[in-house]
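Chain and residue survey
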Amino acid sequence: MKRVIGKISPEEKHVYIWGAGFSGLVLGYYLKNQGYQITIYEKSNKVGGKIHTKKTSSGLVEQGANALYLNADGLELLKDLKLEPVPAAKKLKRLLMIGGKPRRPLQLGIFSKVALNAHKKPPLVSDGLSVADFFKPLLGQENIQKFVSPILSGLYAAPAENLHFRTVFSQVGKKAQFESYWDFLKLIFKNQKAQPKLEISGSVSFEGGMQTLINRLGEVLKHDIKLSTKEHFRLKGNTIICTDSVTASDLLKEARPEMSAELARIKYQTLSSVTVFMKREIKSLQKAFGVLIPLDQGFHSIGVVNNRAIFPANNENVLSYTFIARTHLEKDKIIEDIKKLNPDITAEDVDDMEFTHWEKALPVYDLQLFLATKKLHQLARKEENLAIFGNYVAGISLREMISAAKNFANNPQDYSEAP
């Protein structure tokens, strides 16, 4: 089970949290519910970190996560916060760029390949195994690049070669060998089937965008947050660091040099997003969630999200698409990508563009992150009043972070299931 790194003492009722991004807010919320006194230090003048909904004259722009994919803990949190979720539209097409055109990714050829090779024994699940290496005997290198990498890039912003198997497929636990790929697939399906049925499921946002969730958490914790803080970091009482790993490394450089060194090993992926407001619809993305784009398709973007199709209530009378890339995106490059999707569209069909760039957008879920967090857990077992939490620790998705924060607040010293 993924969990917060470290422990805090239940006897020490004051908790000092550094960072008021999503991880700091949600962990602070659960700890406060358990009766702890919370102080959250935030160096900027706002809460939420990378999650921010910008209101423009053209429409809403999500500068970070555009949705929360619900699990039971996520739905329970929204009920506790008295937030009404806006579910994503159902039955939208999920497209993949194949041969220069957006298509449904599950093609007959892939099913035939899986059926033909499913009896094969996968590679031994060692600490050094990548996602690409695991699936290569089943699908072949060409299909890894064509299907697996772009699909995983939609969540991790990294190709299968760079993704660590045990980290991405944490459901396998400590199992070292599968008898066949069927054996592996049955485990995945069994875990999915074991998930509780929810009255609301899938991706949700909120009226006014994801900022509504951040604002509600900020409101509940408003007396506990110190914005634009000049406070010098020090370990006092129960301390939890809820920043990116680079900042966490800097904070712990003097007090915990070994932990600082491991945190510094974690790499980040640069990402840019451009929300484009159009006068005309991109026809190839009609009734589609969006499209994922393999690197060999000649696009500058790795994916496009159809905002109006997903959350029409938040994009009423607005044609809005978000283009995502691993490098800086410029207007002319976006126009090039739009024309590849819809050749008869011109620059005059674009109403407005809103650019967002993050140098440290997402942690790279590679072997280096796995080894660093494994070592951090070993070092943290010696600590009684120090913990570290972020999307490089307990999962890249918001729902995984919600579950990890809730479990930690309920039992902040339980280390029985940690790596």
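So, a few notes on the structure that sits alongside this text. These figures come from a predicted structure and were not determined experimentally. (Residues numbered from 1 in each chain as written. Predicted model: local features only at pLDDT ≥ 70, side-chain atom pairs only at ≥ 80, totals over all residues. Heavy atoms only, no water.)

On to the sheet that holds strand β18 (residues 386-388), then. Taken in spatial order, the 6 strands of this open sheet run β1-β18-β12-β2-β3-β11, and their pairing is mixed. Each edge of the open sheet carries a strand with a single partner, namely β1 (5-7) and β11 (225-226). (Pairing = 2+ DSSP bridges. Helix = DSSP H or I, 4+ residues; strand = E, 2+ residues; numbered from the N terminus.)

As a further point, take the pattern of salt bridges. Applying the stated criterion across every chain yields a total of 18 salt bridges. With a shortest N-O distance of 2.7 Å, Asp 224 and Lys 32 are connected by a salt bridge. With Asp 224 in the loop between α8 (211-220) and β11 and Lys 32 in helix α1 (residues 22-33), this pair connects stretches of sequence that are 192 residues apart. One salt bridge in this structure joins Glu 179 and Lys 121, with 4.0 Å as the shortest N-O distance. Linking Glu 179 in the loop between α6 (165-168) and α7 (181-194) with Lys 121 in the loop between α3 (108-117) and α4 (131-139), this pair joins segments that are 58 residues apart in sequence. What makes Glu 179 exposed here is its relative accessible area of 54%. Several salt bridges converge on common partners, so that one network encompasses Asp 73, Glu 76 and Lys 406. (Salt bridge = Lys/Arg side-chain N within 4 Å of Asp/Glu carboxyl O. Buried < 20%, exposed > 50% of the residue type's maximum accessible area, 1.4 Å probe, protein only.)

A few words now on the environment of Ile 388. Among the secondary structure elements, Ile 388 is positioned in strand β18. For the pair Ile 388 and Asn 342, spaced 46 residues apart in sequence, the C-alpha separation works out to 46 Å. Each residue touching Ile 388, except ones within four places of it in the same chain, is listed here: Val 4, Ile 5, Ile 241, Leu 252, Met 259, Leu 263 and Val 393. (Contact = heavy atoms within 4.5 Å.)

Residue position: Ser 272 is located in strand β13 (residues 268-278). Within the local environment of Ser 272, its side chain forms a polar contact with the side chain of His 357, the two groups lying 2.6 Å apart. Excluding residues within four positions of it along the chain, Ser 272 makes contact with Phe 323, Ile 324, Ala 325, Thr 327, His 328, Leu 329, Thr 356 and His 357. (Polar contact = N/O pair within 3.5 Å; in protein donor to acceptor, adjacent residues only side chain to side chain.)

Quick look at the nonpolar core now. Buried together is how nonpolar side chains tend to be arranged in soluble globular proteins. With 101 residues, the main nonpolar core has Phe 22, Leu 31, Phe 135, Phe 184, Ile 240 and Phe 389 as its most contacted residues. When sequence neighbours within four positions are dropped, the list of residues in contact with Phe 22 reads Gly 48, Ile 51, Leu 213, Ile 214, Leu 217, Leu 398, Met 401 and Ile 402. In terms of nonpolar packing, the next biggest core, distinct from the first, is built from 24 residues, Met 97, Ile 282, Ile 335 and Leu 341 among them. (Core = buried A, V, L, I, M, F, W, Y, C linked by side-chain atoms within 4.5 Å.)

This part takes up the environment of Tyr 156. Tracing the sequence through the fold places Tyr 156 in helix α5 (residues 141-156). What makes Tyr 156 buried here is its relative accessible area of 7%. In this structure, the C-alpha to C-alpha distance between Tyr 156 and Val 364, residues 208 residues apart in sequence, is 7.3 Å. Setting aside residues no more than four positions away along its own chain, Tyr 156 makes contact with Leu 163, Val 168, Leu 362, Tyr 365 and Ile 396.

Turning to the sheet that holds strand β7 (residues 85-87), a few remarks are in order. One open sheet holds the 3 strands; their spatial order is β6-β10-β7, and the pairing between them is antiparallel. Edge positions in the open sheet fall to β6 (68-69) and β7, since each of these has one partner strand only. As paired elements, β6 and strand β10 (residues 203-206) share 2 bridges and run antiparallel to each other. Each bridged residue has a counterpart across the sheet, and for Tyr 69 the counterpart in β10 is Ser 203.

Our focus in this paragraph is α1. With 12 residues, α1 should reach 16 Å at 1.5 Å per residue; the first-to-last C-alpha distance of 17 Å fits that figure. Among the 12 residues in α1, 10 count as buried, and that is most of the element. All of the buried residues along α1 are Phe 22, Ser 23, Gly 24, Leu 25, Val 26, Leu 27, Gly 28, Tyr 29, Tyr 30 and Leu 31. Downstream of α1 by a residue or two, Gly 35 has a phi angle that is positive, lying close to 95 degrees. (Expected span 1.5 Å × (residues − 1).)

Each pair of aromatic rings is reported with the distance of its centres and the angle of its planes. Enumeration according to the criterion identifies 15 aromatic pairs in this entry. The interplanar angle of 80 degrees and the centroid separation of 5.4 Å between the aromatic rings of Phe 178 and Phe 184 together place this pair among those described as edge-to-face. The burial state of Phe 178 is the same as that of Phe 184; both residues are buried. Taken together, Phe 134, Phe 135, Phe 165, Phe 169, Phe 178, Tyr 181 and Phe 184 form an aromatic cluster joined through their ring pairs. Here the basic side chain of Lys 340 rests over the ring of Phe 299, its NZ or CZ set 5.4 Å away from the ring centre. (Phe/Tyr/Trp six-rings, centres within 6.5 Å; stacked < 30°, edge-to-face > 60°. Lys NZ or Arg CZ within 6 Å of the ring centre and 35° of its normal.)

Moving on: α4. Of the positions making up α4, those classed as buried are Val 131, Ala 132, Phe 134, Phe 135, Leu 138 and Leu 139. The buried residues of α4 occupy an angular sector of 155 degrees when projected down its axis, which confines them to one face. Of the residues one or two after α4, Gly 140 is the one with positive phi, at around 85 degrees. (Arc of directions from axis to C-beta.)

Turning to the environment of Pro 150, a few remarks are in order. For Pro 150, the location among the structural elements is in helix α5. What makes Pro 150 buried here is its relative accessible area of 4%. For Pro 150 and Leu 96, which are 54 residues apart along the polypeptide, the C-alpha to C-alpha distance reads 7.9 Å. Contacts of Pro 150, omitting those with residues within four sequence positions, involve Leu 96, Ile 144, Gln 145, Leu 292, Ile 293 and Pro 294.

Attention now goes to the pairing of β13. In terms of burial, β13 is a largely internal element, 11 of the 11 residues being buried. The side-chain alternation of β13 yields two buried faces, one formed by Tyr 268, Thr 270, Ser 272, Val 274, Val 276 and Met 278 and the other by Gln 269, Leu 271, Ser 273, Thr 275 and Phe 277. Here β13 pairs with strand β17 (residues 350-363) via 10 bridges, running antiparallel. The residue of β17 that forms the bridge with Met 278 is Val 350.

Now for the pairing of strand β14 (residues 288-292). Most of β14 is tucked away: 4 of the 5 residues are buried. Here 4 bridges tie strand β8 (residues 93-98) to β14, and the two strands are oriented parallel to one another. Of the residues in β14, the one forming a bridge with Lys 93 is Ala 288. Note that β14 and strand β15 (residues 303-306) share 3 bridges and pair antiparallel. By the bridge assignment, Leu 292 is partnered in β15 with Gly 303.

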